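# A look at the structure
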Amino acid sequence: MTDSTGARLRVAPSPTGDPHVGTAYMALFNLAYARKAGGKFALRIEDTDRARFREDSEQQIFESLRWLGLDWDEGPDVGGPYAPYRQSERLETYRPHVERLIAEGHAYYCWCSPQRLAELRDAQAKSKQADTGYDRLCLGMTRDERAKLPGFSDTPVVRMLIPDDAPLTFSDVIRGAVKAPRPDDQVILKADGFPTYHLAVVVDDHLMGITHVVRGEEWISSTPKHILLYRWLGWDVPAFAHMPLLRNQDKSKISKRKNPAARLLWFRERGYLPEALRNFLQLMGYPCEEGHEVTSFAEFVDGFEWSKVNTVGPVFDLKKLDWLNGAYIRALSDDELAARIEEHLRYAGTWGEAVPARHREILRQGAPIIKERLVTLDEALPKLGFLLADDDDFLAGWESDESMREARGGLRDDAVQVIDAAVDALAGLADWNADALHETLQAALVDGLALKPKFAFAPVRVAVTGSRVSPPLFESMAILGRDSCLRRLRALR
Ligand code: GLU
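What you are looking at is a predicted structure, and each value in this text was computed from that prediction instead of being measured.

## Comments concerning the site of the ligand
- The full set of residues close to the ligand is Arg10, Ala12, Pro13, Ser14, Glu46, Tyr197, Val201, Arg215 and Trp219.
- Here Arg10 contributes a side-chain N or O atom positioned 2.6 Å from an oxygen atom of the ligand.
- Its free accessible area being 300 Å², the ligand has 82% of it covered by the protein chains.
- Taken together, the residues of the shell around the ligand sort by class into five nonpolar, one polar and three charged.

And the structure:
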């Protein structure tokens with residue numbers, strides 16, 4: 001392997017839609033090794049596929065990788081010694097290499113029209129012949145010779161001339177010796193003058209001094225083509241590391257069509273913490289002993305070894321992510337949690353610029369009481385809704401809100417008596433805090449009325465929170481305050 005002190009790695013997403021979770025997964029492993037080796041990590045935008053290009057995709061890639069804390073040393077937005085880092089701005093870079101490959105007999109023009117190629121594929125599929133791929137009709141012909149034959153297109157592409165003895169085995173940092181199928185005469189320059197991924201990736205990885213190409217296992221079958229290009233151009237071949245693909249529960253490749261969680265933005269929208277998602281993606285490719293799942297990025301980098309990377313497609317298990325997210329939430333201080341929830345509400349557009357000070361204050365006081373059970377940040381507001389609502393709005397819910405009506409309907413007949421006793425006891429309570437509330441209600445309802453705690457507190461909980469399940473009752477009542485609590489109790493009565 002290359003001397004690690006000069007290690008240079010990159011992640012090279014294509015801006016073809018909102019970012020795929022796989023982009024973050026690749027960025028994480030590239031970055032981890034770059035940091036471990038004291039090298040550099042670059043972000044390169046591979047935007048040569050103009051048909052699939054999406055205008056806002058690049059910005060989303062920047063924002064979501066930064067949100068995850070996966071920062072790059074070089075890239076289109078931060079510059080660097082090998083700029084530009086956007087392939088569409090490097091078009092003149094590729095052309096001379098194509099010319100050279102043609103001149104040296106490693107590549108050739110192909111004028112076959114898309115229609116002829118489609119017919120060829122159909123015929124091959126029907127005849128079930130073993131030899132598929134391009135039939136080399138254009139090989140060795142001049143433009144004029146080819147123009148006389150059917151299926152001619154005026155704008156040629158350039159293809160690699162794959163030799164019979166093309167090496168098909170290569171060494172992978174994670175997998176050892178890997179064998180790939182024999183490639184077709186791959187197009188390297190398209191009719192629109194843009195290089196294909198295969199040419200651009202080799203030229204750019206070489207010119208940018210990339211020492212380790214860490215990417216998804218779907219590129220294993222392309223690696224022999226890339227290695228040929230390196231050889232023909234007289235360049236050193238980098239180390240390759242093909243990461244196992246993230247998979248759905250049914251083992252299929254995770255895709256945006258099938259799984260909402262394939263969208264990187266989904267995690268932020270749902271209120272996952274970036275550090276939990278980072279930890280989760282790490283565990284997908286880098287399993288660890290039970291009980292050691294929660295690790296910081298620094299710890300991960302510290303112990304990083306390629307030999308520990310998984311080679312079997314890890315199943316994307318959101319239950320594990322939920323568990324990790326909860327663990328990270330509970331590790332936050334109360335104030336940090338409140339700040340994270342607020343940030344999330346703003347990101348989601350639930351809270352605009354002008355949030356009433358009272359709401360902020362309730363969030364600050366409410367964060368600690370929901371912390372224990374919180375899985376994602378987007379659950380915070382529903383859990384605290386009864387605290388944030390002003391009393392008139394809350395009380396209107398007894399008419400309009402189905403779940404509140406259901407909670408009320410589930411109360412026992414003695415609820416009236418319980419609430420009366422609670423109101424009597426609370427009206428004279430001097431210190432309105434959670435301990436005093438607990439003591440007073442315990443004495444008045446459990447002891448006074450000889451009720452089990454479950455039956456003693458349920459009517460109070462329903463009256464104050466509108467639900468049979470809520471954050472801890474006495475803490476909630478302490479935050480809500482005397483006037484609101486008494487008003488809500490009397491209203492339900
Ligand atoms: N643009 C390719 C992708 O989005 C990059 C593959 C590579 O890292 O070589 O998958």
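Structure shown, so let's carry the discussion forward.
## Focus on the sheet that holds strand 3 (residues 107-112)
- Here we have three strands laid out as an open sheet, ordered 3-4-7, and antiparallel in their pairing. Among the strands making up the open sheet, the edge pair consists of strand 3 and strand 7 (187-189). Put simply, the sheet's adjacent strands are angled 50 degrees from each other on average, direction ignored.
- The pairing of strand 3 with strand 4 (residues 152-160) spans five bridges and is classified as antiparallel. Residue Ala107 lies in a different strand from strand 4, and its bridge partner there is Met160.

## A look at the side chain of Thr23
- Relative to the elements of secondary structure, Thr23 occurs in helix 1 (residues 21-36).
- Classification of Thr23 as buried rests on a relative accessible area of 15%.
- Once residues within four sequence positions are removed from consideration, Thr23 is found in contact with Val11, Pro13 and Leu65.

## Here's the deal with the pairing of strand 2 (residues 40-43)
- The pairing of strand 1 (residues 8-11) with strand 2 spans four bridges and is classified as parallel. In the sheet register, Leu9 faces strand 2, and the bridge partner there is Phe41.
- With respect to chirality, the unit in which strand 1 leads through helix 1 into the neighbouring parallel strand 2 is right-handed.

Each value, and the rule that gives it
- Every chain's residues receive numbers from 1 upward, in the order its sequence appears when written.
- For a predicted model such as this one, the threshold for reporting local features is a pLDDT of at least 70, and the threshold for listing and counting side-chain atom pairs is 80 or more; totals across whole chains, interfaces and linings nevertheless cover every residue.
- Computation of side-chain values: all heavy atoms of the structure, hydrogens and water removed.
- Throughout, the term near means that a residue has one or more heavy atoms lying within 4 Å of the molecule or strand in question.
- Counted as a polar contact is a pair of N or O atoms within 3.5 Å, where, for protein atoms, one must be capable of donating a hydrogen and the other of accepting one, and residues adjacent in sequence contribute only when both atoms are in side chains.
- All accessibility values rest on the Shrake-Rupley procedure with a 1.4 Å probe; residue burial counts only the protein chains present in the view.
- Three classes are used, and their members are as follows: Ala, Val, Leu, Ile, Met, Phe, Trp, Tyr, Cys and Pro are nonpolar, Asp, Glu, Lys and Arg are charged, and the others, Gly among them, are polar.
- We treat two strands as partners when DSSP finds at least two bridges between them.
- What counts as a helix is a DSSP run of H or I of at least four residues, what counts as a strand is a run of E of at least two, and both are numbered from the N terminus.
- To get an axis, fit a line to the C-alpha atoms, keeping to the stretch in contact for a helix; angles then go from 0 to 180 degrees between the N-to-C directions.
- The buried label goes to any residue with under 20% of its type's maximum accessible area, the exposed label to any with over 50%, and the partly exposed label to all in between, with areas taken from a 1.4 Å probe on protein chains only.
- Only heavy atoms matter for contacts: two residues are in contact if any of them lie within 4.5 Å across the pair.
- Every crossover in which the path from the first strand over the helix to the second runs clockwise, viewed with the strands pointing away from the viewer, is termed right-handed.

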